[in-house]
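# Residue-level structural notes
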Amino acid sequence: RRPWSSLAARLHRGHLALGTLTADYARTMLSTTVSNNAGPSVEKRAPSAPGKGSDMPFHKVADCFEGLYRAENRDKRLQLLRKLWKRHGRPDMYPLMRLMLPGMDTKRPNYHLKEKMLAQLYISMLGLPPDSESAKELISWKRPSALSRASAGDFPEKAFAVIESRCPSAESLGPRRVTIADMNALLEELAVADGTPAKQVVLRKMHTRLTALEQKWVLRIVLKDMQLGIKEATIFKEYHPDAEEQYNSICDMEAMCTECEDRDARLDVIDIQLFHALNPKSCNRTTWEQVPKIMGKQGDFVAEGKHRDAR
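These numbers were taken from a predicted model, which means no experiment stands behind them. The residue count restarts for each chain, going from 1 along the sequence in the order it is written. Only residues with pLDDT of at least 70 are given local features in this predicted model, and only at 80 or more are side-chain atom pairs given and counted; all residues enter the totals for whole chains, interfaces and linings. Note that the side-chain values use all heavy atoms of the structure and ignore hydrogens as well as water.

## A few points about a positive patch on the surface
Like-charged residues are merged into a patch within 9 Å and nonpolar side chains (Val, Leu, Ile, Met, Phe, Trp, Tyr) within 5 Å, provided each residue has over 30% relative accessible area and no salt bridge. What sets the accessible areas is the Shrake-Rupley method with a 1.4 Å probe; for residues, cover comes only from the shown protein chains. Only one rule defines a salt bridge in this text: a Lys or Arg side-chain nitrogen within 4 Å of an Asp or Glu carboxyl oxygen. Counting rule for charge: Lys and Arg are taken as positive, Asp and Glu as negative, and neither His nor the chain ends is counted. Every charge is mapped onto a representative atom, which is NZ of Lys, CZ of Arg, CG of Asp or CD of Glu. Residues Lys 52, Lys 76, Lys 83, Lys 86 and Arg 87 make up a contiguous surface patch of positive charge. Strands here are runs of E lasting at least two residues and helices are runs of H or I lasting at least four, both read from the DSSP assignment and numbered beginning at the N terminus. Note on placement: Lys 76 falls in helix H4 (residues 74-88).

In structure tokens:
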């Protein structure tokens, strides 16, 4: 064993270059590791044109949703959907898609708000007497009434009938309206608000900046009950032929919107990914008599019968 002083002298005399090389190599490896861990580079997009993309006013989205809700047939709904997407613009569709399909947006926290709690918040926010007809409309939203008989069991419709005369009009709000980006920011604020008073503050902010129709569709988004009259599978198919399969493989709407941005370009590989949830598909139920007919098409097969709860 050599003394530490001798070892230090040898390093100083003859191994300084090696030490420098080792340090340079370590710095290079460290920078490479940090670069690799940073994830894929994100392409910087140009700002959206005025009135397009996330700068599109939310009232136009709400008008489209209302049209989809009241459309008489599927062709009319598809026409309205394509018109909205054309007006929005193809790039960066994720902010709009998460408003259209809130139940499939896994990145936004749960609001922890149901109809009963929303009714109490609106009664308090609007200063309604508990025994007033309007308050009873919100509390007993499942029951038909003279004010909104057709909307029994539909809380957003009931709330719309109550707040229609208590909300700012489109004319009073002026040209500066809430955009898609603003709406997503407000919904994010509502989701992370801790406690009933904090959530009421956010709802009050929405109430002063949105019309009654816009608030009705905000309530549908919060309750994740859109009732657009068009299935999620149809929306995915209209967006991109591979969109539904891509979403089911990773359950990430933002990644799906990015991968399927070009509708004419089919995806080469659709596969599950580490640390991403997936949406499995269940097998079709059938009878034992149908098994030989189905399996026999591929040739001979072996099957072992098992009874329920058999171990």
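## Here we look at the nonpolar core
In these notes, a set of buried Ala, Val, Leu, Ile, Met, Phe, Trp, Tyr and Cys residues joined through side-chain atoms within 4.5 Å is what counts as a nonpolar core. The cut-offs for exposure are 20% and 50% of the maximum accessible area for each residue type, with area from a 1.4 Å probe on protein chains only; residues under the lower value are buried, those over the upper are exposed, and the others partly exposed. One finds Phe 58, Trp 85, Met 183, Met 206 and Met 256 to be the most contacted residues of the largest nonpolar core, which totals 69 residues. Not counting the four nearest positions on each side in its chain, Met 206 is found in contact with Met 183, Leu 186, Leu 187, Leu 190, Gln 215 and Val 218. Contacts: residue pairs with any heavy atoms within 4.5 Å of one another.

## What to know about the environment of Ala 243
For Ala 243, the position within the fold is in helix H14 (residues 243-250). It is 6.5 Å that separates the C-alpha atoms of Ala 243 and Met 256, two residues lying 13 residues apart in sequence. When neighbours within four sequence positions are excluded, Ala 243 is seen to be in contact with Phe 236, Met 256 and Cys 260.

## So, empty space enclosed by the protein
Think of a ball as big as a water molecule: rolled over the atoms, this probe shows where empty space is left. Cavity and pocket criteria rest on a 1 Å grid covering protein atoms alone: a 1.4 Å probe that fits but cannot get out defines a cavity, protein on both sides within 12 Å along at least 5 of 7 lines defines an open pocket, and an atom within 4 Å of a point defines a lining residue. Grid points are joined across faces, edges and corners, and a volume is the space filled by probe spheres set on the points. Per the stated rule, a full pass over the model turns up 1 cavity of 30 Å³ or more. In this structure, the largest cavity spans a volume of roughly 40 Å³. Taken together, Arg 98, Pro 102, Asp 105, Arg 108, Pro 109, Tyr 111 and Lys 224 make up the full set of residues lining the largest cavity. Note that Gly is not counted as nonpolar here; it falls among the polar residues with everything else outside the nonpolar set of Ala, Val, Leu, Ile, Met, Phe, Trp, Tyr, Cys and Pro and the charged set of Asp, Glu, Lys and Arg. For the lining of the largest cavity, the residue count by class is 3 nonpolar, no polar and 4 charged.

## Comments concerning the environment of Phe 58
By secondary structure assignment, the location of Phe 58 is in helix H3 (residues 58-70). Between the C-alpha atom of Phe 58 and that of Ala 181, which follows or precedes it by 123 residues, the distance is 8.6 Å. Those residues within four positions of Phe 58 in sequence are excluded, and the remaining contacts are Leu 99, Val 178, Thr 179, Ile 180, Met 183, Leu 210, Glu 214, Val 218 and Ile 221.

## Remarks on the pattern of salt bridges
On inspection of all chains with the given rule, the structure shows 16 salt bridges. For Glu 66, the salt bridge goes to Lys 216, with nearest N and O atoms at 2.7 Å. With a gap of 150 residues between them, Glu 66 in helix H3 and Lys 216 in helix H12 (residues 212-223) connect regions that are remote in the sequence. On the accessibility criterion, Glu 66 (12% relative accessible area) is buried. Residue Arg 177 is joined to Glu 214 by a salt bridge in which the shortest nitrogen-to-oxygen separation is 3.0 Å. A residue pair is termed long-range when its members are at least 10 positions apart, and Arg 177 in the loop between helix H9 (170-173) and helix H10 (180-192) and Glu 214 in helix H12 qualify at 37 residues.

## What to know about unusual backbone geometry
Although it is not a glycine, Gln 227 adopts a positive phi angle of roughly 55°. Mapped onto the elements, Gln 227 comes out in the loop between H12 and helix H13 (232-239). By relative accessible area, which is 35% here, Gln 227 ends up partly exposed. With a phi close to 50°, Cys 251 is a non-glycine residue in the positive phi region. Summarising the element assignment, Cys 251 is placed in the loop between H14 and helix H15 (253-259). On the basis of relative accessible area, Cys 251 is assigned to the buried category, the value being 15%.

## Side note on the packing of aromatic side chains
Classification of ring pairs uses Phe, Tyr and Trp, with its six-membered ring standing for Trp, and accepts pairs whose centres are within 6.5 Å; under 30 degrees between planes counts as stacked, over 60 as edge-to-face, and the remaining range as tilted. All chains considered together, the criterion is met by 5 aromatic pairs. With centroids separated by 5.8 Å and ring planes inclined at 80°, the aromatic side chains of Trp 85 and Tyr 239 adopt a geometry described as edge-to-face. Taken together, the positions of Trp 85 in helix H4 and Tyr 239 in helix H13 put the pair 154 residues apart, joining distant regions of the chain. Of the two residues, Trp 85 and Tyr 239, both sit in the buried class. Between the aromatic rings of Phe 236 and Tyr 247, the centroid separation amounts to 5.5 Å while the plane-to-plane angle is 25°, which identifies the pairing as stacked. Residue Phe 236 is located in helix H13, and its partner Tyr 247 is located in helix H14; the two are separated by 11 residues in the primary sequence.

## Description of the packing of H10 against H12
Every angle, taken between N-to-C directions, lies between 0 and 180 degrees, and every axis is a line fitted to C-alpha atoms, over only the stretch in contact when it is a helix. One way to put it is that H10 packs onto H12 with a least axis distance of 12 Å and a crossing angle of 50°. Here H12 runs oblique to H10, going by the angle between their axes. In this structure, H10 meets H12 at a crossing whose hand is right-handed. Here Met 183, Leu 187 and Leu 190 of H10 lie close against H12, whose contacting residues are Val 218, Ile 221 and Val 222. What sets the label is the angle itself: under 35 degrees gives roughly parallel, over 145 gives roughly antiparallel, 65 to 115 gives roughly perpendicular, and the rest give oblique. By definition, turning the near helix anticlockwise from the far helix through less than a right angle yields a left-handed crossing, and turning it clockwise yields a right-handed one.

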